[in-house]
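Coordinate analysis (summary)
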Amino acid sequence: MKRVKVKELLNGYPAGSDVLVKGWVRTKRESKGLVFIALNDGSTIKNIQIVAEIPRFGEELIKDISTGSAVAVTGRLVESPGKGQSVEIQAENIELYGKADPETYPLQKKGHSLEFLREIAHLRFRTNTFGAIFRIRHAMAFAIHKYFNDRGFYYLHTPIITGSDCEGAGEMFRVTTLDMENLPRKENGSVDFDRDFFGKETNLTVSGQLEGELGALSLGEIYTFGPTFRAENSNTPRHLAEFWMIEPEMAFYDINDNMDLAEDFLKYLIRYALDNCREDLEFLNKMFDSGLIERLEFVLKNPFQRITYTEAIEILSKAGRKWEFPVDWGRDLQAEHERYLVEEHFERPVIITDYPKEIKAFYMKQNDDGRTVKAMDVLFPRIGEVIGGSQREEDYNKLLSRIKELGINEKDLWWYLETRKFGTAPHSGFGLGFERLLIFITGMSNIRDVIPFPRTPKNAEF
Ligand code: 4AD
Ligand code: MG
């Protein structure tokens, strides 16, 4: 017999059918010679109820079927007389695949803290909460590919191991096969990376953008979607050392086209979640964040507010607040400033453009004022920056002089610079932090709870 998933059984599968279902026991209760098992197979947040006559299967087997154990059940799907479910299965045969000793299986009672569940990340998938989160994560990944594919963007695979630092922040994880105990040295005492695997210094990528630009300047519109790595020592609920980023890059887009795409893309993803992940969102709304669905719908209704960095500084200076970090033209905005603009001042997502060039990366297009660049950050309620992007500097001389000004080794970027020599064109792009988006969509408050196995300072378990 072919196995049927619980989701299908609960979605109008014909009553009276003989079915085979497989899954993990969520709860079990006994009453008047019958045992009621709530079985979940991950296909939906809902369980199917299995009803079994205890004498028919024997006390021994029934005892071994406990919370967490894995079983296969064949039986008849019937309309359920009980409350809470439309159909149930009258068990005819039960095969026990794996027991879960009630003395040691950690997920006995409901209501474990998220912190505790992080410590058992290998088992937390089996909770309703993490089932919902990771189904939503999947749906969002799928929606991202669908969005771009439907619009003629190509999925470009950029390298994980790189020899350049896209963001120039020096927050990279080194990749090497050199013997740490016995490093080869040059005459001047520095490490001899000629002897390393690639014959040069290499790191895990912080962003696929630079290579993405090479693709866009021929294929037209591309996007990347892959893991990126940052060795920044930020122990916050919004930072990971390994996170996934989506980076579209488009030829012939200026910064306004870039903002339009970012806004349309984010709204599409939120709409997709509301339309396709309803049950999981309703569960999270009920259990963690009663404003979740309302907030998602609210973002869809309103155009994002677009202001310049200079305007943002003015608003913040006049806010009459005592800021923890000073507000001064030239300083980067901190989470408290971003959240004030979004949550209190405008009460909607905000896109800030034209930042001072000193606080942004070398590749951004320089404005005529000589002080600012065509950067754009999209700020969301509760999380602050969800997207960072810009129009790119396509002028060879301006780009080269900025690279020199910042003391970046131009030899590492010879290939990037060549695209500005041969058929350069205006282009733009941005990076969406996948987990930041997921915090917003799931209503979780810690980024460690929206990625299966978080990597953060001092933590690489599993
Ligand atoms: O603003 P960032 O650093 O921009 C870039 O990397 C550009 N190369 C993107 C581009 O223009 N193609 O990072 C982009 C986004 C941020 O807005 C944030 O959402 C996310 O990536 N992000 C992080 N997410 C989790 N943990 C971290 N440590 C993150 N750092 C950035
Ligand atoms: Mg940024």
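A few words now on the sheet that holds strand S16 (residues 427-433). Overall, mixed pairing links the 8 strands, which are arranged S6-S10-S11-S16-S15-S14-S13-S12 in an open sheet. Every interior strand has two partners, whereas the edge strands, strand S6 (154-155) and strand S12 (305-308), have only one. Bridge count for strand S15 (residues 384-391) against S16 is 5 bridges, and the pairing is antiparallel. Residue Ser390 lies in a different strand from S16, and its bridge partner there is Gly429. Its contacts with the sheet place helix H6 (residues 209-219) against S6, strand S10 (221-229), strand S11 (242-251) and S16, and it is angled at close to 30 degrees to S11.

Among the structural elements, Thr44 can be located in the loop between strand S2 (34-40) and strand S3 (48-53). In terms of polar contacts, Thr44 uses its side chain to reach the backbone amide nitrogen of Lys46, at 2.9 Å. Filtering out sequence-adjacent residues up to four positions away, Thr44 remains in contact with Val6, Lys7, Arg135 and Glu279.

Counting 70 residues, the largest nonpolar core has Met140, Leu281, Val378, Phe380 and Ile441 as the members making the most contacts within it. If we ignore the near neighbours within four places in the chain, the residues touching Met140 are Leu269, Tyr272, Ala273, Phe434, Leu437, Leu438 and Ile441. In terms of nonpolar packing, the next biggest core, distinct from the first, is built from 32 residues, Ala361, Tyr363, Leu379 and Tyr416 among them.

This brings us to the sheet that holds strand S4 (residues 70-79). If you walk around this closed barrel you meet the 5 strands as S1-S2-S3-S5-S4, and the pairing is mixed. Here the average twist between neighbouring strands, direction ignored, is 55 degrees.

With that settled, consider the site of ligand 1. Around ligand 1, the structure places 25 residues, and the nearest of them are Glu167, Gln209, Arg230, Glu247 and Glu385. The contact in question runs from an oxygen atom of ligand 1 to an N or O atom on the backbone of Val386, over 2.8 Å. For the shell around ligand 1, the secondary-structure elements that each account for two or more residues are S11, S15 and S16. Sorting elements by how many residues they give to the shell around ligand 1 places S15 first, with 5 residues. Residues of the shell around ligand 1, tallied by class, amount to 9 nonpolar, 8 polar and 8 charged.

The complete set of buried residues in helix H8 (residues 278-287) reads Asp280, Leu281, Phe283, Leu284 and Asn285. Turning to H8, the residues buried within the fold contact helix H5 (128-150), helix H7 (255-276), helix H9 (292-301) and helix H14 (434-442).

Bringing a nonpolar patch on the surface into the picture now. A cluster of nonpolar residues, Ile160, Ile161, Phe197 and Phe198, forms a patch on the protein surface that exposes about 390 Å² of accessible area. Looking at Ile161, the relative accessible area reads 38%, which means it is partly exposed.

According to the stated counting rule, one finds 24 aromatic pairs in the structure shown. Here the aromatic rings of Phe304 and Phe380 are separated by 5.8 Å at their centres, their planes lie at 80 degrees, and the arrangement is edge-to-face. Of this pair, Phe304 sits in the loop between H9 and S12 while Phe380 sits in strand S14 (residues 372-380); the two residues are 76 residues apart in sequence, bridging distant segments of the chain. The pair Phe304 / Phe380 is uniform in exposure class, with both members buried. Grouping aromatic residues by their ring pairs yields a cluster made of Tyr147, Phe148, Phe153, Tyr155, Tyr223, Phe265, Tyr268, Tyr272 and Phe430.

We now examine the environment of Gly152. Within the element layout of this structure, Gly152 appears in the loop between H5 and S6. Residue classification places Gly152 among the partly exposed positions, given a relative accessible area of 37%. Put simply, Gly152 and Asp165 are 13 residues apart on the chain and 29 Å apart in space, counted from C-alpha to C-alpha.

What follows covers helix H12 (residues 396-405). Listing the buried residues of H12 in full gives Leu399, Leu400, Arg402 and Ile403. Take H12 and look down its axis: the buried residues cluster within an arc of 160 degrees, on one side only. In H12, the exposed positions that point more than 90 degrees away from the buried face belong to Asn397, Lys404 and Glu405. Buried positions along H12 lie against helix H13 (414-421). In this structure Asp395 caps H12, since a side-chain oxygen of it lies 3.0 Å from the backbone nitrogen of Asn397. Following H12 by one or two positions, Gly407 adopts a phi angle in the positive range, close to 70 degrees.

Look at H5 against H8: their axes get within 9 Å of each other, and the N-to-C directions meet at 135 degrees. Classified by the angle between their axes, H5 and H8 sit oblique to one another. As for how H5 packs across H8, the hand of that crossing is left-handed. In contact with Asn128, Thr129, Ala132, Ile133, Arg135 and Ile136 of H5, H8 contributes Asp280, Leu281, Phe283 and Leu284. Taken together, the residues that form the contact of H5 with H8 break down as 6 nonpolar, 2 polar and 2 charged.

With 6 of its 8 residues buried, S15 lies for the most part within the structure. Sheet analysis places S14 next to S15, joined by 6 bridges and oriented antiparallel. By the bridge assignment, Phe380 is partnered in S15 with Gly384. Count of turn residues in the S14/S15 antiparallel hairpin: 3 residues, of which Arg382 carries a positive phi of about 75 degrees.

Bringing the environment of Leu20 into the picture now. Summarising the element assignment, Leu20 is placed in strand S1 (residues 18-31). Exposure remark for Leu20: the relative accessible area of 12% places this residue in the buried category. With 229 residues separating them along the chain, Leu20 and Glu249 place their C-alpha atoms 47 Å apart. Leaving out residues up to four positions away in the same chain, Leu20 has contacts with Met1, Lys2, Arg3, Val4, Ala72, Val73 and Thr74.

Calculation notes
- Residues numbered from 1 in each chain as written.
- Chains lettered and ligands numbered in written order.
- Predicted model: local features only at pLDDT ≥ 70, side-chain atom pairs only at ≥ 80, totals over all residues.
- Heavy atoms only, no water.
- Pairing = 2+ DSSP bridges.
- Helix = DSSP H or I, 4+ residues; strand = E, 2+ residues; numbered from the N terminus.
- Contact = heavy atoms within 4.5 Å.
- Axes fitted to C-alpha atoms, helices over the stretch in contact; angles between N-to-C directions.
- Polar contact = N/O pair within 3.5 Å; in protein donor to acceptor, adjacent residues only side chain to side chain.
- Core = buried A, V, L, I, M, F, W, Y, C linked by side-chain atoms within 4.5 Å.
- Buried < 20%, exposed > 50% of the residue type's maximum accessible area, 1.4 Å probe, protein only.
- Near = heavy atom within 4 Å.
- Nonpolar A, V, L, I, M, F, W, Y, C, P; charged D, E, K, R; others polar.
- Patch = residues over 30% accessible without salt bridge, like charges linked within 9 Å, V, L, I, M, F, W, Y side chains within 5 Å.
- Areas by Shrake-Rupley, 256 points an atom, 1.4 Å probe, with all protein chains shown as cover.
- Salt bridge = Lys/Arg side-chain N within 4 Å of Asp/Glu carboxyl O.
- Phe/Tyr/Trp six-rings, centres within 6.5 Å; stacked < 30°, edge-to-face > 60°.
- Arc of directions from axis to C-beta.
- Parallel < 35°, antiparallel > 145°, perpendicular 65-115°, else oblique.
- Left-handed = near helix turned anticlockwise from the far one by under 90°.

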